[in-house]
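Residue-level structure breakdown
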Amino acid sequence: MGIIYLLIVAFLGWVGVRIYKSYKSSQMTFDEHHFKQGDVDVIFATGIIKIRTTEYKVNQVTGIKAEPYTQSHRHGGSKAWKAIIELDDFRKPRYEMEFFSRKRANEFTQRLSVALRKAGGPSFS
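Since we're looking at a predicted model, the values are computed, not measured. (Residues numbered from 1 in each chain as written. Predicted model: local features only at pLDDT ≥ 70, side-chain atom pairs only at ≥ 80, totals over all residues. Heavy atoms only, no water.)

1. Digging into the overall build of the protein
The following threshold applies: Only runs of H or I of at least four residues qualify as helices and only runs of E of at least two qualify as strands under DSSP, and these elements are numbered from the N terminus. Throughout, exposure labels follow a simple rule: accessible area from a 1.4 Å probe, protein chains only, divided by the maximum for the residue type, with under 20% read as buried, over 50% as exposed, and the rest as partly exposed. Each accessible area is a Shrake-Rupley result for a 1.4 Å probe, and residues are judged covered by the shown protein chains and nothing else. A positive count includes Lys and Arg, and a negative count includes Asp and Glu. His and the chain ends are not counted in either. Note that the charge is assigned to NZ on lysines, CZ on arginines, CG on aspartates and CD on glutamates.
Across its full length, the protein holds two helices and eight strands. Helices and strands in the protein line up, N terminus first, as α-β-β-β-β-β-β-β-β-α. Referenced to the eigenvectors of the C-alpha coordinate spread, the extents of the protein come out at roughly 60 × 30 × 30 Å. In the protein, which comprises 125 residues, the proportion classed as buried is 33%. As presented, the protein carries roughly 8300 Å² of accessible surface, and 58% of it is formed by carbon and sulfur atoms. A gap of 6 Å separates the mean positions of the 20 positive and 12 negative side-chain charges of the protein.

2. Notes on unusual backbone geometry
You will see that Arg52, though not glycine, has its phi angle at about 55°, which is positive. By secondary structure assignment, the location of Arg52 is in the loop between strand E4 (48-51) and strand E5 (54-57). Its relative accessible area of 48% is what places Arg52 among the partly exposed residues.

3. Quick look at the side chain of Asp89
Selection rule: Polar contacts, as counted here, are pairs of nitrogen or oxygen atoms within 3.5 Å of one another; within protein the pair requires one atom able to donate a hydrogen and one able to accept it, and residues that are adjacent in sequence qualify only if both atoms are side-chain atoms.
Mapping Asp89 onto the fold places it in the loop between strand E7 (81-87) and strand E8 (94-99). A relative accessible area of 13% places Asp89 in the buried class. A distance of 2.9 Å separates the side chain of Asp89 from the side chain of Tyr56, its partner in a polar contact.

4. Observations concerning the nonpolar core
Let me state the cut-off plainly: Residues grouped as a nonpolar core are buried Ala, Val, Leu, Ile, Met, Phe, Trp, Tyr and Cys residues, joined through side-chain atoms within 4.5 Å. Contacts were defined at the residue level, with two residues in contact if any of their heavy atoms lie within 4.5 Å.
Counting 23 residues, the largest nonpolar core has Val40, Val42, Ile49, Ile85, Phe108 and Leu112 as its most contacted members. For this core, the secondary structure elements donating two or more residues are strand E3 (40-43), E4, strand E6 (61-68), E7, E8 and helix H2 (102-118). The leading source of residues in this core is H2, at five residues. Sequence-distant contacts of Phe108, defined by excluding residues within four places in its chain, comprise Phe35, Gln37, Val40, Ala83, Ile85, Met97 and Phe99.

5. Let's talk about a nonpolar patch on the surface
Our working rule: Each patch is built from residues lacking any salt bridge and having more than 30% relative accessible area; the joining distance is 9 Å for like charges and 5 Å for nonpolar side chains (Val, Leu, Ile, Met, Phe, Trp, Tyr). When a carboxyl oxygen of Asp or Glu lies within 4 Å of a side-chain nitrogen of Lys or Arg, that pair is called a salt bridge.
Side chains of Met1, Ile3, Ile4, Tyr5, Leu6, Leu7, Ile8, Phe11, Leu12 and Trp14 sit close together on the surface and give an oily, nonpolar patch of about 1200 Å² of accessible area. According to the relative accessible area criterion, Trp14 is partly exposed, its value standing at 48%.

6. Some details on the sheet that holds E7
Which entries qualify depends on this criterion: Strand pairing requires that DSSP identify at least two bridges connecting the strands. Interaxial angle, 0 to 180 degrees, is taken between N-to-C directions of lines fitted to C-alpha atoms, where a helix line uses only the stretch in contact.
The strand order across the open sheet built from three strands is E6-E7-E8, with neighbouring strands paired in antiparallel fashion. Since the sheet does not close on itself, it has two edges, and those belong to E6 and E8, each with one partner. Each strand of the sheet is rotated relative to its neighbour by a mean of 15°, with strand direction disregarded. The pairing of E6 with E7 spans seven bridges and is classified as antiparallel. Each bridged residue has a counterpart across the sheet, and for Val61 the counterpart in E7 is Leu87. Along the sheet face, H2 touches E6, E7 and E8 and points at about 170° away from the line of E6.

7. Some remarks on H2
Quick note on the threshold: What a helix is expected to span follows from its residue count: subtract one and scale by 1.5 Å. Think of the arc as the fan of directions from the helix axis to the C-beta atoms.
With 17 residues, H2 ought to run about 24 Å at 1.5 Å a step, and its terminal C-alpha atoms sit 24 Å apart, in line with that. Every buried residue of H2 is listed here: Ala105, Phe108, Thr109, Leu112, Ser113, Ala115 and Leu116. Relative to the axis of H2, the buried residues are bounded by an arc of 165° and lie together on one face. Facing away from the buried surface of H2 by more than 90 degrees, the exposed residues are Lys103, Gln110 and Lys118. In this structure, the buried residues of H2 make contact with strand E2 (34-37), E3, E4, E6, E7 and E8. Note on H2: the residue one or two positions beyond its end, Gly120, has a positive phi of about 95°.

Pasting the structure below:
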């Protein structure tokens, strides 16, 4: 009986972490100097994108896309989505952010594309 409780607690902890990460990804601030959402911060004047604790030049971003969190080909009903930032970096060539909905993931990718252009980076429109 104790193992069942342990499994339930572990599952609830996993769900809690997922919800927190998705909520954190949705928090956004911006002004005329920078754009920040989740762990991504673009500083316009310096042309730097900071992802978590690593800084890159905005020209090192090679792609931005949003896709469903599920791996199946029939993802029309998928509720969870992720935004993917592809980088010109051997150590970490791909960074993913989780979102509750397709709309929020697409809004993030559009805002990030505008921020990168404003910082002198590539255009992904």
